[in-house]
Amino acid sequence: MRKKAAGLYNKKSPIEWRSHEPSRLETFSDAVFAFAVTLIIVSLEVPKTFTELFETMKGTVSFAACFAALFQIWNQQNIFFRRYGLNDGLTVSLNGMLLFVVLVYAYPLKFLFGLLFFDNAYTVNGHTHEMISTIQTPALMLIYGAGYTAINLLFLLMYVTAKRQTNYLKLNAAEVYETQTIIYLNLTLTLIGVTAMSLAWLLPVEYSGFSGFFYMLIGVAYWFWYSYRGKKARKKFAPVTEPAS
C-alpha cells in the first residue's frame, strides 16, 4: 500500500526513492494511523432503531473528511520515507512526535468536522443539543490550530533533517532544490496555523470562528510555491541541448 501510494506521486517528483520497502518504523506508524482511524469511525455499535441509524449515517460525511485529513498526513509521511529512507535518531523522534499528535488530535478533528456538518447540533433520544457555545469557540480554534501547526512544523523539521544529510543521502542539485521547496512550503503552512491561532485569540469571541477562513490560504501556499519554484527549477535544471551541426 505504501509503495503503491507513493508510486503515484513519484512519477512527477524529481527526488529519487531511497527506500522501496516499509521499515519497522513505518510498519509501527501504519498501526498508529490505523488506530487513529478507529477512533474517528462513525460508530462501533449497530444501531437499534431507525433514528439511531439516521444519526449514524449523518456522521458519514464528517468521518469521510476526518479520514481524508488523516490519509493526507499518512501519505506525506509515506512519501518522506520513500524519498529519504532515514532511520536516524532525530528522524525517529520527530516521527514519534508526529504520531503522538495524530492520536491526540483524532477526537478534536472529529468534533470539528462534526460541528461543520451538523450545524452545531446533535440529537440524543429525540432531543437536540448544542455542540458548542459561542464562548467556547476560541478554545476550539486554538486546539485545532495547535494540532495543525504542530503537524506541519514536524514535517518541516523532518525535511530540514533530510537536507542536512545531503552528503550521506547523495542528493543531487535538483533533489536538494525540491527538498528546499518543501521546506518553504511547510514553513508557510506552519505560519498559516500560527496566524490563524493568533486571530482566534485576538478577535472578539463572537468573531473568533472566522479565524478558520485563514486556512483557505493553504491552497494558495501550495499553488504559489510549486508554481514559483517549479518555474525556477525548469530554468535551472533544464537539459542542455547540443547545437545542431
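Preceding this paragraph is the structure being described.
Keep in mind that what you see is a predicted model, and the values were worked out from it rather than measured. (Residues numbered from 1 in each chain as written. Predicted model: local features only at pLDDT ≥ 70, side-chain atom pairs only at ≥ 80, totals over all residues. Heavy atoms only, no water.)

Draft legend 1. Molecular detail of the overall build of the chain. Within the chain, the secondary structure is distributed over nine helices and two strands. Starting at the N terminus and walking to the C terminus, you meet the elements of the chain as α-α-α-α-α-β-β-α-α-α-α. Here the chain, with 245 residues, has 38% of them falling under the buried criterion. Restricting to contacts in the chain with at least 6 residues of sequence separation, those with at least 24 account for 77%. In the structure as shown, the chain presents an accessible area of about 14,400 Å², 67% of it carried by carbon and sulfur atoms. (Helix = DSSP H or I, 4+ residues; strand = E, 2+ residues; numbered from the N terminus. Buried < 20%, exposed > 50% of the residue type's maximum accessible area, 1.4 Å probe, protein only. Contact = heavy atoms within 4.5 Å. Areas by Shrake-Rupley, 256 points an atom, 1.4 Å probe, with all protein chains shown as cover.)

Draft legend 2. Geometry of the packing of helix H2 (residues 24-40) against helix H4 (residues 89-104). The interhelical angle for the contact between H2 and H4, taken along N-to-C directions, is 10°, at an axis separation of 9 Å. Between H2 and H4, the angle falls in the class roughly parallel. On H4, the residues that touch Leu-25, Phe-28, Ser-29, Val-32, Phe-33, Phe-35, Ala-36 and Leu-39 of H2 are Val-92, Asn-95, Leu-99, Val-102 and Leu-103. For the contact of H2 with H4, a count of residues per class yields 11 nonpolar, two polar and no charged. (Axes fitted to C-alpha atoms, helices over the stretch in contact; angles between N-to-C directions. Parallel < 35°, antiparallel > 145°, perpendicular 65-115°, else oblique. Nonpolar A, V, L, I, M, F, W, Y, C, P; charged D, E, K, R; others polar.)

Draft legend 3. Representation of the packing of aromatic side chains in the model. Under the counting rule described, the total for this entry stands at 17 aromatic pairs. Plain terms: the ring middles of Trp-225 and Tyr-228 are 6.4 Å apart, the flat faces sit at 70° to each other, and that makes the pair edge-to-face. Pair noted here: Trp-225 and Tyr-228 are both in helix H9 (residues 217-236), with a separation of three residues, about one helical turn. For Trp-225, a relative accessible area of 17% translates into the label buried. Taking the ring centre of Tyr-177 as reference, the NZ or CZ of Arg-229 above it sits at 3.9 Å. (Phe/Tyr/Trp six-rings, centres within 6.5 Å; stacked < 30°, edge-to-face > 60°. Lys NZ or Arg CZ within 6 Å of the ring centre and 35° of its normal.)

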